[in-house]
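Okay, here's what each chain looks like letter by letter:
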Amino acid sequence: MIAETCACRAAYLGDLIAREKPDRSTAHHVRECIKMPTSVSNSSARTWFITGSSQGLGLELVKNLLVRGNHVAATARDAARLCENLGEHASSELFLPLQVDLTDENSIKNAVHRTGERFGSIDVLVNNAGYGLLGSVEETNDAEARAMFDINLFGLWNVTRAVLPLMRAKRRGHIINMSSIYGLVAGAGWGLYNATKFAVEGLSEALALEVEPFGISVTLIEPGYFRTNFLTAGSLAMPKSTIDAYSAVRDMTKEHERIEGSQLGDPVRAAEAIIDVASRSPAPLRLLLGSDALQLATQKIEDLTAGIGQNKEATLSTDFR
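Fair warning: this is a prediction, and the values are worked out from it, not measured in the lab. Per chain, residues are indexed from 1 in the order of the written sequence. Only residues with pLDDT of 70 or above have their local features reported here, since the model is predicted, and side-chain atom pairs are shown and tallied only from 80 upward, although totals for entire chains, interfaces and linings are computed over all residues. Hydrogens and water are ignored here; the side-chain numbers use all heavy atoms of the structure.

Caption draft 1: Quick peek at the sheet that holds strand S4 (residues 124-127). Two strands pair if DSSP finds at least two bridges between them. Each helix corresponds to a stretch of at least 4 residues labelled H or I by DSSP, and each strand to a stretch of at least 2 residues labelled E; elements are numbered beginning at the N terminus. Pairing in this open sheet of 7 strands is parallel, and the strands run S3-S2-S1-S4-S6-S7-S9 from one edge to the other. On the outer flanks of this sheet lie strand S3 (95-99) and strand S9 (286-289), each paired with one strand and no other. Going across the sheet, the axis of each strand differs from the next one's by a mean of 15 degrees, ignoring polarity. Only heavy atoms matter for contacts: two residues are in contact if any of them lie within 4.5 Å across the pair. Whenever a helix is involved, its axis is fitted only over the stretch in contact; in every case the axis is a line through C-alpha atoms, and angles between N-to-C directions fall within 0 to 180 degrees. Seen against the sheet, helix H5 (residues 105-119) touches strand S1 (47-50), strand S2 (71-76) and S3 and runs at an angle of roughly 165 degrees to S3. Along the sheet, helix H10 (residues 291-310) makes contact with strand S7 (216-223) and S9, crossing S9 at roughly 120 degrees.

This is the structure:
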């Protein structure tokens, strides 16, 4: 339980000290406990820094890595929930829970600094935090769009910027960015989510070219539908205002609610695939996860190829002669 987990209480304490003005709603979680080690040394272990770790694929990844003996710094908006969901794994000395606000650059920098102090370096960064919204482009307001970009894109961007100096200093590292099959394929009702994940794809492609000279790899993970809680209210938002004309989007939303719990993808196997890809050299730029992702990506390639061929004459007609 939370009250019995020293590592989790240490996360609260570190967060409260960093903010200097403790939030009274969380301060009561801080208790006396056995002093945590200031550093952990294990030459065979790798250090992973994972965002969005309190549920879903991020949580499965943390559990799997700790069982394998890796050092794991895991971030979440609510460290108590993270520790509770991890159960007995939260008491491991290999685990550093971090309460982080991904919209606050100082919160991110503090988490990365504490990880470096505890484990010495960061070998693998997994930018996993994110959420979705099901609504048409017209229904999605400015505030909703900016809020999602703040987490799905700019949070990822700022975490990456904070971690890169550590990796460049070691001249090694692996950055794994969680995209989605919807980073390759668009769907009605997914416009905002598509926009953030398409942006992650472009950023990651450019980043891979920039950091290759430093021995750093970049991999995009593109999952299909997995049996996590992504389709529940905690991870999937709806627009505050809807428009009756978009009845097809409402029908699609209801269909997604019906498939919750019956998705094809196994999050445990996905976590294993991500751990495996982190050990591959050279690492792939992209990794599709799930048969549905493969089917949709293949169709997208076929559609692109057909469209390019159909418009080849117009394409070539614009060059100077």
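Now, onward.
Caption draft 2: Here's a closer look at H5. Here, expected helix span is obtained from the residue count minus one, scaled by 1.5 Å. Its 15 residues place the ends of H5 21 Å apart at the C-alpha level, agreeing with the 21 Å of an ideal helix rising 1.5 Å per residue. Within the sequence span of H5, burial applies to Ser-107, Ile-108, Ala-111, Val-112, Arg-114, Thr-115, Gly-116, Arg-118 and Phe-119. Here a polar contact is taken to be a pair of N or O atoms separated by no more than 3.5 Å, where protein atoms must pair a possible hydrogen donor with a possible acceptor and residues adjacent in sequence count only if both atoms sit in side chains. Where H5 begins, the side chain of Asp-104 points an oxygen toward the backbone nitrogen of Asn-106, at a separation of 2.9 Å. For each residue, the accessible area found with a 1.4 Å probe, counting protein chains only, is set against the maximum for its type, and the residue is called buried under 20%, exposed over 50%, and partly exposed in between.

Caption draft 3: Representation of the packing of aromatic side chains. Paired rings are identified among Phe, Tyr and Trp, the last through its six-membered ring, by centres lying within 6.5 Å, and are further divided according to the angle between planes into stacked (under 30 degrees), edge-to-face (over 60) and tilted (the rest). Going through the model one piece at a time under the given rule, you end up with 4 aromatic pairs. A centroid spacing of 6.4 Å and a plane angle of 25 degrees characterise the contact between Phe-154 and Trp-157, whose relative ring orientation is stacked. Of the two residues, Phe-154 and Trp-157 are both situated in helix H6 (residues 142-170); the distance of 3 residues between them amounts to about one turn of the helix. By relative accessible area, Trp-157 is classed as partly exposed at 41%. Look at Tyr-182 and Tyr-225: their rings are 6.3 Å apart centre to centre, the planes differ by 90 degrees, and that puts the pair in the edge-to-face class.

Caption draft 4: Spotlight on the pattern of salt bridges. What makes a salt bridge here is a side-chain nitrogen of Lys or Arg within 4 Å of a carboxyl oxygen of Asp or Glu, nothing more. One pass over the full model with this rule turns up 9 salt bridges. Notably, a salt bridge pairs Asp-123 with Arg-172, separated by 3.6 Å at the nearest N-O pair. You can see Asp-123 sitting in the loop between H5 and S4 and its partner Arg-172 sitting in the loop between H6 and strand S6 (173-178), a full 49 residues away along the chain. A relative accessible area of 11% places Asp-123 in the buried class. Overall, Arg-172 belongs to the partly exposed group, its relative accessible area being 42%. For Asp-266, the salt bridge is made with Arg-269, and the minimal N-O distance between the two is 3.8 Å.

Caption draft 5: Structural context of empty space enclosed by the protein. Every definition here rests on a 1 Å grid over the protein atoms only: cavities are sets of points where a 1.4 Å probe fits but cannot get out, pockets are open sets enclosed by protein on both sides within 12 Å along at least five of seven lines, and lining residues have some atom within 4 Å of a point. Grid points are joined across faces, edges and corners, and a volume is the space filled by probe spheres set on the points. In the structure shown here, the tally under the stated rule is 1 cavity of 30 Å³ or more. By volume, the largest cavity is sized at about 30 Å³. For the largest cavity, the full set of lining residues is Thr-51, Leu-102, Asn-127, Ala-129, Ile-151, Gly-155 and Leu-156. Of the residues belonging to the lining of the largest cavity, the class tally is 4 nonpolar, 3 polar and no charged. Under the scheme applied here, ten amino acids are nonpolar (Ala, Val, Leu, Ile, Met, Phe, Trp, Tyr, Cys and Pro), four are charged (Asp, Glu, Lys and Arg), and all others, including Gly, are polar.

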